[in-house]
Structures are given as structure tokens and as C-alpha cells.
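Overview (structure and organization)
Here are the chains, one letter per residue:
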Amino acid sequence: MATAWESVRALASGFATTFKHLWRPPITEEYPEYKRPLPVRSRARIILTRDPDGAERCVACYLCSAVCPVSCISMQATESEDGRRYAAWFRINFARCIYCGFCEEACPTSAIQLTPDFENCQRDILKLVYEKQDLLVDHQGKDKEYNFYKYAGVATDVGAKGAHHREEKPVNIRSNLP
Ligand code: SF4
Ligand code: SF4
């Protein structure tokens with residue numbers, strides 16, 4: 001149990017803090033005229049970025065949509081003539097998004113990224129459904145250099161599949177077909 005002296009000391013320290021702030025000049029930030037610079041890793045509006053060579057990074061792998069805890073990402077995968085996958089359409093419902101950043105963490109191509117731009121409130125909730133053309137940007141976002149297709153699916157001279165240490169031979173998936 002606190003003694004009388006400890007109680008007085010706690011009370012005095014509380015009032016001291018109050019008095020200290022009583023004489024401080026107020027700090028008022030006039031938003032939206034003044035916008036406080038936010039850290040680059042702040043999580044708000046989501047974008048779909050491009051490779052340094054300008055191609056779409058997203059390969060429509062569905063990982064972001066699978067990991068999203070509120071199921072607000074949907075898309076349909078398709079392929080170009082050269083076999084490169086991309087999203088025929090890609091949709092994010094920002095009315096449901098909780099800006100957790102899981103989609104960015106899961107993305108293998110650095111395509112989907114959260115930005116510090118938080119000013120996307122709307123009165124009409126349906127305007128918060130963003131389509132691919134609203135999400136796709138003409139830059140690389142935070143990851144300037146990464147180019148997924150420079151590394152993925154590229155044959156190397158360090159041995160064929162199944163030839164490495166403790167690596168199993170590839171399975172012939174057609175052997176499972178009836
Ligand atoms: S930030 Fe979170 S809630 Fe929003 S789309 Fe990505 S995974 Fe879903
Ligand atoms: S944004 Fe990334 S995780 Fe989502 S489908 Fe495209 S490549 Fe996959």
C-alpha cells in the first residue's frame with residue numbers, strides 16, 4: 001500500500017506535467033494545407049508497379065488474394081502470346097481493406113505495394129472499389145531494381161532440375177493422369 005508521502009509525490013508529479021504543458025505554445029498543424037511527411041513504409045493506398053523495363057510485374061499468382069485476411073483482392077489470370085502471365089483484371093475493394101500489408105509481404109514479384117497516400121476517402125462506398133487501371137502505375141515504387149523475369153524460370157549452368165545435392169527428381173505430373 002502506498003504511503004501518504006508516495007501519494008503526495010505522485011500527485012505533485014502529475015500536476016507538474018500538467019503545468020509544464022499549460023505554458024507551452026500550442027502546436028497546430030493546419031491539415032490539409034500542411035501535410036506532415038509520412039515515413040516511406042506507411043501503409044495506405046495500394047498500387048501495382050512495373051518492372052524497370054516497363055512491363056507489368058504482377059503475374060496473377062493469386063498469393064495476395066489468398067493471404068488477404070478480409071478477402072478484398074480479386075483477379076483473373078491470363079497469358080500473353082509469349083507465355084507471360086498477367087492479370088486480365090485486378091480489383092481491390094478499399095472499403096474492406098485494413099491496410100495490414102500482408103499482400104505486399106506475400107507478393108513474389110514486388111508488384112503490389114502499399115504507399116503512404118491515405119487520402120482516398122469517399123462518400124460513395126462503391127467508389128472505393130479500384131480496378132486494375134486505377135491501381136497500375138508507371139513506376140517501380142519502393143523496389144526500383146527488381147525484375148522478377150530476370151531471375152525466375154531462367155536456365156542456369158549449375159545443373160539440371162533434380163541434379164543438386166539432396167534434390168529430388170522432378171515428378172512427371174502426366175503419369176498421375178488416368
Ligand atoms: S493490405 Fe491487407 S487487407 Fe488490404 S488488400 Fe492487402 S492483405 Fe488485404
Ligand atoms: S500482385 Fe503479386 S501476389 Fe498478387 S497476384 Fe500479382 S504477383 Fe501475385
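Our subject is the structure that appears above.
Residues numbered from 1 in each chain as written. Chains lettered and ligands numbered in written order. Predicted model: local features only at pLDDT ≥ 70, side-chain atom pairs only at ≥ 80, totals over all residues.

**Focus on the site of ligand 2**
As a structural note, the neighbourhood of ligand 2 is formed by Cys58, Val59, Ala60, Cys61, Tyr62, Leu63, Cys64, Ala106, Cys107, Thr109, Ala111 and Ile112. Taken together, the residues of the shell around ligand 2 break down into 11 nonpolar, one polar and no charged. (Near = placed C-beta within 6 Å. Nonpolar A, V, L, I, M, F, W, Y, C, P; charged D, E, K, R; others polar.)

**Side note on the site of ligand 1**
Residues in close proximity to ligand 1 total 14 residues, the closest being Cys68, Cys97, Cys100, Phe102 and Cys103. Grouping the amino acids of the shell around ligand 1 by side-chain chemistry returns 13 nonpolar, one polar and no charged.

**Quick notes on the nonpolar core**
A general tendency of soluble globular proteins is for nonpolar side chains to be buried together. Membership of the largest hydrophobic core comes to 20 residues, with the highest contact counts inside it found for Leu48, Cys58, Cys64, Ile73, Ile92, Cys103 and Ile112. Listing elements by their share of this core, those giving two or more residues are β1 (46-48), β3 (85-93) and β4 (112-114). Those residues in contact with Ile112 that lie beyond four places of it in its chain are Ile46, Leu48, Cys58, Cys64, Cys103, Glu104 and Cys107. (Core = buried A, V, L, I, M, F, W, Y, C linked by C-beta atoms within 7 Å. Buried ≥ 20, exposed ≤ 12 C-beta atoms within 10 Å, placed from the backbone. Helix = DSSP H or I, 4+ residues; strand = E, 2+ residues; numbered from the N terminus. Contact = placed C-beta atoms within 7 Å.)

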